[in-house]
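Inside the fold
Residues per chain are reported as follows:
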Amino acid sequence: MNLRSVDLNLLVAFDVLIAERNVTRAADKLGVTQSALSHALRRLRILFGDPVLTRGPHGMQPTEVALELIQPVRDVLSDIHSVLTARAAFDPATTRRSFSLSMSDAMSIEVLPTIVRRLREQAPGVDLVVSTSGPRATCTRIAEDEVDLAVGVFPEVPAEIQSQELYRDRLVCVADRRHPLLRRGRMDEQSYLACPHVTVAPNLDSGIQIDTILAAMGLDRRVMATVSHYIAVPALVRGTDLIAHSRRRLVGLLPGSAGLVAFPIPVPVRVPELSFVQLWHRRHERDPGHRWLRDLVGDAIRSLARKGGKARRTAP
């Protein structure tokens, strides 16, 4: 094959067609007409000697050849993107650019205000679009370029996604200060297991599953309420006999935390810490604007972690 006859735009069209699996949506995403993209699809079929997309019971489906080619094609596009952007100038004070950031609702309360304040100080022309999704969905969105940067706990990270640890946190128990089973702000294992619990639905922003730890010790608890986010926990626990788990750094930050007490989880094993990282696709590794954003987010979050650590050490 003569590479001079290959139009690089065809590879871009191939990437978006496989991601969208719909010519109309792919054309909208690329900013071209539907007829232009249909023509590109015909050229791709000739180039690869394969139908690429075929109609099935659930719409357009990629062929086996297309599925085999998509990752190598994306790797090539990623390398080209890195070469073209590595030396591009980036001035945060004057640039106008939009970034998409994924984090949980609780982290939006915990760290987003500091990130936004620094953006306004250093890059007033930069816009931020913040969304939330579970760890697996977030990794998929990063791979498909729907998200530039994600912050949270990710138990499994695909090989093509880069990660950087920012800080660590731990799970603690929270209960109303007037809970009848509290003794000097603590609770023993028997009382802990006797209480009805509130839990956050698994796989949202924690890679640690308390029930798995308890089951390994032959213990069980009653989960009275399961909620989607840590934000809901304080209001449910306050003024009741319920107990829940929360991240230590969130205690006191979330609305409704007044009147609650935090204490270590009373089980005879050490509950692992939570490792908070930021994730991005390797295609953006050398993008100067993206690198600047990673540095800003990382520095902002680490500064908060240091302040939180000092506060915990000096607390009575």
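Look above for the structure.
Keep in mind it's a predicted model, so treat the numbers as computed, not measured.

Notes on empty space enclosed by the protein
Applying the stated criterion across every chain yields a total of 1 cavity of 30 Å³ or more. Its boundaries defined by the atoms lining it, the largest cavity holds a volume of some 60 Å³. Here the residues of the lining of the largest cavity are counted per class, giving 7 nonpolar, 3 polar and no charged.

Description of helix H3 (residues 34–48)
Think of an α-helix as 3.6 residues a turn; residues three or four steps apart then line up on the same face. Helix length check: H3, at 15 residues, gives a terminal C-alpha distance of 21 Å against a target of 21 Å (1.5 Å per residue), a fit within 8%. Of the residues making up H3, those classed as buried are Leu-37, Ala-40, Leu-41 and Leu-44. Projected down its long axis, H3 carries its buried residues within an arc of 105°, all on one side. In H3, those exposed residues whose orientation departs by more than 90 degrees from the buried face are Ser-35 and Ile-46. At its buried positions, H3 is contacted by helix H1 (8–20) and helix H2 (23–30).

Some points on the sheet that holds strand E4 (residues 126–131)
Backbone hydrogen bonds are what pair the strands of a sheet, in a parallel or an antiparallel way. If you trace the 5 strands from one edge of the open sheet to the other, you get E4-E3-E5-E12-E6, paired in mixed fashion. Whereas interior strands pair on both sides, the edge strands pair on one side only; in this sheet they are E4 and strand E6 (161–169). Taking each pair of neighbouring strands and ignoring which way they run, the sheet shows an average axis angle of 20°. As judged from the 2 bridges shared by strand E3 (residues 97–102) and strand E5 (residues 149–152), these two strands associate in the parallel manner. Across the sheet, the residue bridging to Ser-102 is Ala-150, located in E5.

Looking at the packing of aromatic side chains
Enumeration over the complete set of coordinates arrives at 2 aromatic pairs. When the ring of Phe-14 is compared with that of Phe-48, the centres are 5.2 Å apart and the planes differ by 70°; the resulting orientation is edge-to-face. Of this pair, Phe-14 sits in helix H1 while Phe-48 sits in helix H3, and the two are 34 residues apart along the sequence. The exposure class assigned to Phe-14 is buried, which follows from its relative accessible area of 0%.

Conventions we followed
Residues numbered from 1 in each chain as written. Predicted model: local features only at pLDDT ≥ 70, side-chain atom pairs only at ≥ 80, totals over all residues. Heavy atoms only, no water. 1 Å grid on protein atoms, 1.4 Å probe; cavity = no way out; pocket = protein on both sides within 12 Å on 5 of 7 lines; lining within 4 Å. Points joined across faces, edges and corners; volume = space filled by probe spheres on them. Nonpolar A, V, L, I, M, F, W, Y, C, P; charged D, E, K, R; others polar. Helix = DSSP H or I, 4+ residues; strand = E, 2+ residues; numbered from the N terminus. Expected span 1.5 Å × (residues − 1). Buried < 20%, exposed > 50% of the residue type's maximum accessible area, 1.4 Å probe, protein only. Arc of directions from axis to C-beta. Contact = heavy atoms within 4.5 Å. Pairing = 2+ DSSP bridges. Axes fitted to C-alpha atoms, helices over the stretch in contact; angles between N-to-C directions. Phe/Tyr/Trp six-rings, centres within 6.5 Å; stacked < 30°, edge-to-face > 60°.

The quantities given are spatial measurements derived from coordinates; they are silent on function.
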